[in-house]
Amino acid sequence: MGKFKYTPENEEKFQITAKKYPKIDSMMLPALWLVQEQEGWVSPDAMIYVAEKLGKSPIQVYEFATFYTMFNLKPIGTYHIELCKTLSCMIMGAPELKKFIKETLGIEPGQTTPDGKFHLSEVECQGACGGAPMIALNHQYHENLTVEKLDKIIKECK
Ligand code: FES
């Protein structure tokens, strides 16, 4: 058993979800999702943990986790910026925001700043099109963004 372990709250969520699924097999997705919620990424250690919990081999968990692009297989920055790239956000200025992030933080989608502080992902519609363009910063939405507003948000994180 490695170092990773669900927090008691996540263990409880796992147990509640497990009751809803007839087969433990179908628990792979929610089980990994809980890992990512807890740690920000899915480490090899956590994959072993999930494999043991579900009675799978670590390689089965690994294959599953690599198939779904929403799982981070490397540690991400303290601040995870998810920039929506879908139509409304795209039209309303997401490309300018992306350019600004590149200029100020030096990162493109999929990259982390060298100090490990910021990670940028491009994501599909987050259901906040009315507030386009938007980002989620550690899952918190910031809508109707302009470069100036984003600048302020980034400075507050620094
Ligand atoms: S298009 Fe960006 S939130 Fe819907």
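Placed above this text is the structure.
Just so we're clear, the structure is a prediction, and the values are computed from it rather than from any experiment.

What counts, and at which threshold
Residues numbered from 1 in each chain as written. Predicted model: local features only at pLDDT ≥ 70, side-chain atom pairs only at ≥ 80, totals over all residues. Heavy atoms only, no water. Phe/Tyr/Trp six-rings, centres within 6.5 Å; stacked < 30°, edge-to-face > 60°. Lys NZ or Arg CZ within 6 Å of the ring centre and 35° of its normal. 1 Å grid on protein atoms, 1.4 Å probe; cavity = no way out; pocket = protein on both sides within 12 Å on 5 of 7 lines; lining within 4 Å. Points joined across faces, edges and corners; volume = space filled by probe spheres on them. Helix = DSSP H or I, 4+ residues; strand = E, 2+ residues; numbered from the N terminus. Nonpolar A, V, L, I, M, F, W, Y, C, P; charged D, E, K, R; others polar. Domains from an automatic or database assignment.

Chemist: Just to check I follow, could you spell out the packing of aromatic side chains for this structure?
Modeler: Pairs of aromatic rings are described using the distance from one ring centre to the other and the angle between the two planes. Under the criterion given, the structure shown has 9 aromatic pairs. Looking at Lys53, its charged tip hangs above the ring of Phe14, at a distance of 4.8 Å from the centre.

Chemist: Even after reading the chapter, I still don't get the layout of surface pockets, so can you show me in this structure?
Modeler: Leftover empty space is mapped by rolling, across the atoms, a probe with the size of a water molecule. In this structure, the largest pocket spans a volume of roughly 480 Å³. In terms of lining, the largest pocket is formed by 19 residues, of which the most central are Gln36, Asn72, His80, Glu82 and His139. When residues of the lining of the largest pocket are traced back to their parent elements, those giving at least two are helix 2 (28-39), strand 1 (79-84) and strand 2 (118-123). Among the elements that take part in the lining of the largest pocket, helix 2 stands out by supplying 4 residues, more than any other. Of the residues in the lining of the largest pocket, the class split is 4 nonpolar, 11 polar and 4 charged. Two domains each donate at least three residues to the lining of the largest pocket, and these are domain 1 (8-67) and domain 2 (79-157). Size it by volume and the second largest pocket reaches roughly 230 Å³. What lines the second largest pocket is a set of 13 residues, among which Asn72, Leu73, Ile76, Gly110 and His119 lie closest to the centre. Broken down by class, the residue content of the lining of the second largest pocket amounts to 5 nonpolar, 7 polar and 1 charged.

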